[in-house]
Amino acid sequence: MRTILAGNWKMHTDRADAVALAQGVARGERAAGVEVIVAPPFPYLEAVVAACEGSGVVVAAQNCHAEPQGAYTGEVSVPMLKDLGVGACIVGHSERRQYFNETDAAVAAKLEALHGAGLQPIYCCGEGQAERETGRHFDVVGAQLKEALGKLDRAVVRGLVVAYEPVWAIGTGLNATAEQAQEMHAFIRKELGRLIGDSAQDVPILYGGSCKPSNAEDLFQGPDVNGGLIGGASLEAGSFLQLIAIAARVKA
Ligand code: PEP
């Protein structure tokens, strides 16, 4: 099974900070066996691709448009990302669902476009606080998976990296317990199994939500937790490198 650590820089950094952070990750001492991805803001993708060249660090976008080109003012297509040397893309992050009304149908179209172009999609799902508190978290995540992935070609689903990100844990300092993470990851793998059978065993499922060096050791223990999608703790090369080292140790 692949182990992956992906850093979502969101709308942070300026050009100089982005390049310095990328160099810190790319040149830092990194344990073998962990795939490393960084997702800077759109304007810095090209500079970060250059900073990561030859290091094995894959550069991801945080969003894309499903159409290859057209009259979509302000949008960025998958071929444009590929042209820049981008290798992956986060899709369906809760902040995009919440602030930009991204629907499961839009998510599905983006996953298809990325698959077609050979970029690695990182598909995000996760429940909100009220849904967790009322015990509806499995229903909500199950519905998200069904809506976004249910109609996709099996090859697209087989090629996904999935990120489970409980919305109540993103940027809040709250994190799921290791038990909560593992049980949801196992559930997601079971649901993926309905779509792609045994191949679900090979789909990496990352945990995201206030994951940091002080809690990663626990969170990464779960057999269905195959790494992390990291926000805040990826904005500092030292803490991101620590997370990579922890993942390498726990998953060895
Ligand atoms: C994220 O936004 O993908 C995320 C997990 O953020 P944080 O680690 O800051 O909670």
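Further up the page is the structure itself.
Residues numbered from 1 in each chain as written. Predicted model: local features only at pLDDT ≥ 70, side-chain atom pairs only at ≥ 80, totals over all residues. Heavy atoms only, no water.

Once that is clear, we can look at the layout of surface pockets. Empty pockets left among the atoms are what a rolling probe the size of a water molecule brings to light. Estimates place the volume of the largest pocket at around 480 Å³. Lining the largest pocket are 23 residues, and of these K10, M11, Q62, R96 and F100 sit closest to its centre. The element best represented in the lining of the largest pocket is helix α4 (residues 94-100), accounting for 4 residues. Roughly 210 Å³ of volume is contained in the second largest pocket. Along its surface, the second largest pocket is lined by 17 residues, and G171, S210, C211, G231 and G232 are the ones closest to its centre. Across the lining of the second largest pocket, the residue classes tally to 5 nonpolar, 9 polar and 3 charged. (1 Å grid on protein atoms, 1.4 Å probe; cavity = no way out; pocket = protein on both sides within 12 Å on 5 of 7 lines; lining within 4 Å. Points joined across faces, edges and corners; volume = space filled by probe spheres on them. Helix = DSSP H or I, 4+ residues; strand = E, 2+ residues; numbered from the N terminus. Nonpolar A, V, L, I, M, F, W, Y, C, P; charged D, E, K, R; others polar.)

For the structure on display, the rule yields 2 aromatic pairs. Its guanidinium or amino end placed over the ring of F100, R96 lies 4.3 Å from that ring's centre, counting from NZ or CZ. (Phe/Tyr/Trp six-rings, centres within 6.5 Å; stacked < 30°, edge-to-face > 60°. Lys NZ or Arg CZ within 6 Å of the ring centre and 35° of its normal.)

For the pair helix α7 (residues 137-149) and helix α9 (residues 178-196), the least separation of the axes is 10 Å and the interaxial angle reads 35 degrees. Both α7 and α9 take part in a crossing whose hand is right-handed. Together, H137, F138, V141, G142, L145 and L149 of α7 and E183, M184, F187, I188, E191, L192 and L195 of α9 make up the contact between the two elements. Of the residues belonging to the contact of α7 with α9, the class tally is 9 nonpolar, 2 polar and 2 charged. (Axes fitted to C-alpha atoms, helices over the stretch in contact; angles between N-to-C directions. Left-handed = near helix turned anticlockwise from the far one by under 90°. Contact = heavy atoms within 4.5 Å.)

This part takes up the pattern of salt bridges. According to the stated counting rule, one finds 10 salt bridges in the structure shown. For E35, the salt bridge is made with R2, and the minimal N-O distance between the two is 2.7 Å. Residue E35 is located in strand β2 (residues 35-39), and its partner R2 is located in the segment before β1 (4-8); the two are separated by 33 residues in the primary sequence. Here E35 falls in the partly exposed class, since its relative accessible area comes to 32%. The partner of E102 in a salt bridge is K110, and the shortest N-O contact between them spans 2.8 Å. Of the two residues examined, E102 and K110, each falls in the buried class. Here the salt bridges do not stand alone but share partners, grouping R96, E102 and K110 into one network. (Salt bridge = Lys/Arg side-chain N within 4 Å of Asp/Glu carboxyl O. Buried < 20%, exposed > 50% of the residue type's maximum accessible area, 1.4 Å probe, protein only.)

This brings us to the nonpolar core. Y123, L149 and I188 are the most contacted members of the largest nonpolar core, which has 73 residues in total. For this core, the element with the highest residue contribution is helix α11 (residues 237-251), accounting for 8 residues. In this structure, A6, A39, A88 and I90 belong to the second largest nonpolar core, which totals 13 residues. (Core = buried A, V, L, I, M, F, W, Y, C linked by side-chain atoms within 4.5 Å.)

Turning to the packing of helix α5 (residues 104-117) against α7, a few remarks are in order. Between two packed helices, what matters for the description is the angle formed by their axes and the separation of those axes. Where α5 contacts α7, the two axes come as close as 7 Å, and the packing angle between them is 55 degrees. With respect to α7, the axis of α5 lies oblique. For the element pair α5 and α7, the recorded crossing hand is right-handed. Between α5 and α7, the contacting residues are D104, V107, A108 and L111 on the first element and Q144, E147, A148 and L149 on the second. (Parallel < 35°, antiparallel > 145°, perpendicular 65-115°, else oblique.)

With that settled, consider the side chain of T3. By the element assignment, T3 lies in the segment before β1. Discounting residues that sit within four places of it in the chain, T3 has contacts with G33, V34, E35, N226, A247 and K251.

Geometric values such as these leave the question of function open.
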